[in-house]
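Survey of secondary and tertiary structure
Listed below, chain by chain, are the residues.
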Amino acid sequence: PVTAFQSAETSLAQSGGITLAWPERIRVGDPDEIELSLQMERNNSDGKSLNAMAAARLELIGLGTSLDTIHVPLRPDRAAAFRWKIRAEKPGAYRGVVRLYLEIPSNEGGEVEQEILLARPIQIEAVSVIGLPGAAARGLGAVGLLASAALGYSWALPQMKRLWRLRGGQKT
């Protein structure tokens, strides 16, 4: 599901929209991604950086993601975007949390004030087809399609010839 949030007023007197998108289900072995974006309201016409950073972290174990925090400078004319690639190696339900922070350096220097904008729990279900990963299931499906086409053609061709003869014999 794609979920949109409206962030609270920040100490920068900026407000913006937060969009988080993730798959509810993925096939085992197939890659997918989780996307998060923060769009700041444009109060600054020069397009310069806002002297603040957006930081995001995906805490989701078992889907091949790192737990590193990603930092992106905030600009009023561009959304801060975060993407995590995920891939399940075995079926099951995977639960985690997506966190988005605003990091604002203090005027005195040194300390960085961190304001949480989002802490959203997510769940992703990894599924498999008869215990096979995605690529193997697709390959098995292709083999089944070719086999049914070959069997169907060998049965349908004589039937079509028979119908053609019957129709040809009914000329008036």
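Before any of the text, the structure's been laid out above.
Quick look at the sheet that holds strand β6 (residues 70-73)
- A sheet is described by the order of its strands in space; here five strands give the open sequence β3-β9-β8-β5-β6, paired in mixed fashion. Single-partner strands in this sheet number two, and they are β3 (25-27) and β6. Ignoring strand direction, the axes of neighbouring strands in this sheet form an average angle of 30°.
- Taken together, the three bridges between β3 and strand β9 (residues 112-127) define a ladder with parallel strand orientation. By the bridge assignment for β9, Arg-25 is matched with Glu-125.

A closer look at the nonpolar core
- With 32 residues, the main nonpolar core has Ile-34, Leu-36, Leu-38, Phe-82, Leu-100, Ile-122 and Ile-124 as its most contacted residues.
- Looking at this core, the elements with two or more residues in it are β2 (16-21), β4 (31-40), β5 (53-60), β7 (80-87), β8 (92-105) and β9.

A closer look at the pattern of salt bridges
- Inspection of the entire model under this criterion finds seven salt bridges.
- A salt bridge links Glu-125 to Arg-25, with the shortest nitrogen-to-oxygen separation between them at 3.7 Å. Taken as a pair, Glu-125 in strand β9 and Arg-25 in strand β3 lie far apart in primary sequence, 100 residues in all.
- The exposure class of Glu-125 is partly exposed, given its relative accessible area of 34%.
- When its relative accessible area of 57% is taken as the criterion, Arg-25 is described as exposed.

Brief notes about the pairing of β8
- Note: β5 against β8, eight bridges, orientation antiparallel. In the sheet register, Ala-55 faces β8, and the bridge partner there is Tyr-101.
- Where β8 lies against β9, 14 bridges are found, and the strand directions are antiparallel. The partner of Val-98 across the bridge, within β9, is Arg-120.

Digging into a nonpolar patch on the surface
- The grouping of Val-129, Ile-130 and Leu-140 at the surface amounts to a nonpolar patch, some 300 Å² of accessible area in total.
- Structurally, Leu-140 is set in helix α1 (residues 134-168).

Rules of the game
Residues numbered from 1 in each chain as written. Predicted model: local features only at pLDDT ≥ 70, side-chain atom pairs only at ≥ 80, totals over all residues. Heavy atoms only, no water. Pairing = 2+ DSSP bridges. Helix = DSSP H or I, 4+ residues; strand = E, 2+ residues; numbered from the N terminus. Axes fitted to C-alpha atoms, helices over the stretch in contact; angles between N-to-C directions. Core = buried A, V, L, I, M, F, W, Y, C linked by side-chain atoms within 4.5 Å. Buried < 20%, exposed > 50% of the residue type's maximum accessible area, 1.4 Å probe, protein only. Salt bridge = Lys/Arg side-chain N within 4 Å of Asp/Glu carboxyl O. Patch = residues over 30% accessible without salt bridge, like charges linked within 9 Å, V, L, I, M, F, W, Y side chains within 5 Å. Areas by Shrake-Rupley, 256 points an atom, 1.4 Å probe, with all protein chains shown as cover.

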